[in-house]
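Read off the chains here:
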Number of protein chains: 2
Amino acid sequence: MRRMSEEPRTSRIQRQVVQLILDRRLTAGAPLPTEAELMEDLGVSRNSVREALKALQALDIVEIRHGYGTYVGQASLTPLVDGLTFRTLARHDDDPGALAEILQVREVLEEGLIRRVAATVTEAELDRLEGVVTRMERAGGTGRSFPELDREFHEILYASLGNAQLLGAFWTVFRRVSGARGWTADPSPEITVRRHRDIVTALRARDVEGAQRAMAVHFRGIEARAAQESRGVG
Amino acid sequence: MRRMSEEPRTSRIQRQVVQLILDRRLTAGAPLPTEAELMEDLGVSRNSVREALKALQALDIVEIRHGYGTYVGQASLTPLVDGLTFRTLARHDDDPGALAEILQVREVLEEGLIRRVAATVTEAELDRLEGVVTRMERAGGTGRSFPELDREFHEILYASLGNAQLLGAFWTVFRRVSGARGWTADPSPEITVRRHRDIVTALRARDVEGAQRAMAVHFRGIEARAAQESRGVG
DNA sequence: TGTTATTTGTTCGTATGTATT
DNA sequence: GAATACATACGAACAAATAAC
């Protein structure tokens, strides 16, 4: 008699490789056994090993370098960004709710976290934020580097909390989806600059409520723009 | 002369399959071309097709059914859970900050979203929440189904906002990591039941501030427990 | 500089397991 | 049960990239 529905070989190999990383306490960048070694150690063919490694590479759990070797990956949030972007895009254009959900998460996260930031932000960080706003002002009409500066602002803001990467991931998803639909989130450069400056001003005054309110206002602007676009009003 | 650093074949195939799904507006569960068809259409070998499909399967963008066919995946948040769990676990046990970050995100999200829930929650939903709390009370000491009930509570709470899946993902990551380190987040069954009942009571009274405060108190308890455990105090 | 060894990338052929009809 | 269509898995070979000598 034969067992039915055994675990697929590729899945098993995936688990074994992950367990190997955890057991040996390997950190990002550490070398992994070569494909040939994994074949021998796990008693499977090269194709099975490769399929498992490809799957883990997609999750950024391993990193494969052609002609060099396989290494522990950075476990970055790239798969999260790719997955959420596809998920949002695949819900079709007639569903504006999908994009609104991403924005809602960003909004709630940033409005909540800025209260903690206000309590711990240093003068040096405030100066860096001020610098970004100034560069925004200079960039002005040339929309080229504007989104990058916006991202930089939000990254500096939450760097001290350790959650900056996660915030950045949601930022990227929102931008990619809106970009794929042919529009950008900024209402107008002048207003966007002003909103960001208001946030820095409130933070400098250690005004927790004011900072949260300024962030809320900033997001109201983005929301309005998104609602406008999703109605097909170019 | 030869072009240097062309895009790896597997990556190209991945993009092409994703584009195919988007272009044809295929939804979850729709059948994809068979491996043989993809080989022909894209002009590559079976192994390359399989490696690309395995990578997309890891992202839940496609679903492969042995002996049956390949289908568009659910684009669920499973990869997010796997990735974040590995990411948190791989930062080693001596770094309590990694787990604290996950908890911080949950806390900020739930405390922010419950304000919106309070404004829109229906009587029927409140009754369902009440029912979960009652079942918690009955489960009492038997810690068996307790975590499941907790999860169910939080899922019902945010179901109307459409972000329940994302919240559930963070819930699962937190639980898996704490589980892998041999402890559970509940301070004591009685207190946990009480905290949840307080939330329902505040919601029923349409008390936005009270609901947020009750949620905050709930998370303070979890935080305290996590801090205790990460110090090695069993 | 160029040569060589190592490692991953890609392909083919073949056999086997699985689900549907 | 049989036939068919499909995914799963193995082995061998050659191509391409990288590092080190």
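Residues numbered from 1 in each chain as written. Chains lettered and ligands numbered in written order. Predicted model: local features only at pLDDT ≥ 70, side-chain atom pairs only at ≥ 80, totals over all residues. Heavy atoms only, no water.

Chain A carries the name Putative HTH-type transcriptional regulator YdfH in an unreviewed UniProt entry, which gives Streptomyces chartreusis NRRL 3882 as its organism.

Participant: Describe the interface of chain B and chain A, and please don't skip the residues or the numbers.
Facilitator: Chain B puts 42 residues into the contact, and the matching count from chain A is 42 residues. Taken over both partners, the interface formed by chain B and chain A buries close to 4000 Å², and the fraction arising from carbon and sulfur atoms is 63%. Run the count over chain B and chain A and you get four salt bridges. Applying the counting rule to chain B against chain A returns eleven residue pairs in polar contact (both at pLDDT 80 or more). (Contact = heavy atoms within 4.5 Å. Buried area = accessible area lost by both parts, 1.4 Å probe. Salt bridge = Lys/Arg side-chain N within 4 Å of Asp/Glu carboxyl O. Polar contact = N/O pair within 3.5 Å; in protein donor to acceptor, adjacent residues only side chain to side chain.)

Participant: Could you give an account of the UniProt feature "domain: HTH gntR-type" (unreviewed entry) in chain A, with specific residues and numbers?
Facilitator: In this numbering, the UniProt entry assigns the feature "domain: HTH gntR-type" (unreviewed entry) to residues 7-75 of chain A. Within the segment residues 7-75 of chain A, helix and strand shares are 52% and 12% respectively, and the terminal C-alpha atoms sit 25 Å apart. (UniProt positions renumbered as here; feature names shortened; annotations may be inferred. Helix = DSSP H or I, 4+ residues; strand = E, 2+ residues; numbered from the N terminus.)

Participant: An account of the nonpolar core is requested, with residue identities and associated values reported.
Facilitator: Counting residues in each nonpolar core, the largest one holds 98 residues, and the members touching the most others are Leu157, Tyr158 and Leu203 of chain A together with Leu157, Tyr158 and Leu203 of chain B. The contact partners of Tyr158 of chain A, leaving out residues within four places of it in the chain, are Glu110, Leu113, Ile114, Val117, Asn163, Ala164, Leu167 and Met215 of chain A. Ala55 and Ile61 of chain A together with Leu26 and Leu59 of chain B belong to the second largest nonpolar core, which has 45 residues in total. (Core = buried A, V, L, I, M, F, W, Y, C linked by side-chain atoms within 4.5 Å. Buried < 20%, exposed > 50% of the residue type's maximum accessible area, 1.4 Å probe, protein only.)

Participant: Go over the relation of the copies chain B and chain A, please, and point to the residues and values.
Facilitator: Turning chain B through 180° and shifting it by 0.1 Å along the axis lays it on chain A, with an RMSD of 0.1 Å. Within this description, the copies of the chain are treated as partners about a two-fold rotation axis. Rotation axis and chain B: the residue whose C-alpha lies nearest the axis is Ala55 of chain B, separated from it by 2.0 Å. Interface overlap between copies is the fraction of interface residues in one copy that are interface residues in the other; for chain B against chain A it reaches 100%, indicating a shared surface. (Least-squares fit on C-alpha atoms with pLDDT ≥ 70 in both.)

Participant: Go over the protein's contact with DNA strand C with me, naming the residues and quoting the values.
Facilitator: What surrounds DNA strand C is a group of 22 residues, the closest being Arg46 and Arg50 of chain A together with Arg9, Ser45 and Ser48 of chain B. Arg46 of chain A places a polar side-chain atom, nitrogen or oxygen, 2.7 Å from a base nitrogen of DNA strand C. Take Asn47 of chain B: an N or O atom from its side chain is 3.4 Å from a base nitrogen of DNA strand C. Sorting the residues of the surface near DNA strand C by element identifies α3 (46-58), β1 (62-65) and β2 (69-72) of chain A together with α1 (9-23) and α3 (46-58) of chain B as the ones contributing at least two each. Counted by class, the surface near DNA strand C contains five nonpolar, eleven polar and six charged residues. (Near = heavy atom within 4 Å. Nonpolar A, V, L, I, M, F, W, Y, C, P; charged D, E, K, R; others polar.)

Participant: An account of α1 of chain B is needed here, citing residue identities and associated values.
Facilitator: Counted at 1.5 Å a residue, the expected span for α1 of chain B with its 15 residues is 21 Å, and the 21 Å between its end C-alpha atoms agrees. Along α1 of chain B, the positions that sit buried rather than exposed are Thr10, Ile13, Gln14, Val17, Val18, Leu20 and Ile21 of chain B. Viewed end-on, α1 of chain B has its buried residues packed into an arc of 155°, placing them on one side of the element. For α1 of chain B, the secondary structure elements touched by its buried residues are α3 and α4 (78-90) of chain A together with α2 (35-42), α3, β1 (62-65) and β2 (69-72) of chain B. (Expected span 1.5 Å × (residues − 1). Arc of directions from axis to C-beta.)

Participant: Describe the pairing of β1 of chain B, with residues and values.
Facilitator: Residues and elements named next belong to chain B. Both β1 and β2 contribute to a ladder of four bridges, which runs antiparallel. Bridge pairing in β2 links Glu63 to Tyr71. Hairpin connection, β1 to β2: the antiparallel pair is bridged by three residues, and Gly67 has positive phi, about 70°. (Pairing = 2+ DSSP bridges.)

Participant: Go over the packing of aromatic side chains, please, and point to the residues and values.
Facilitator: All names here are of chain B. Counted according to the given criterion, the structure contains four aromatic pairs over all chains. Ring centres of Tyr68 and Tyr71 lie 5.8 Å apart, and the angle between their planes is 35°; this geometry places the pair in the tilted category. What makes Tyr68 exposed here is its relative accessible area of 61%. Residue classification places Tyr71 among the buried residues on the basis of a relative accessible area of 12%. (Phe/Tyr/Trp six-rings, centres within 6.5 Å; stacked < 30°, edge-to-face > 60°.)

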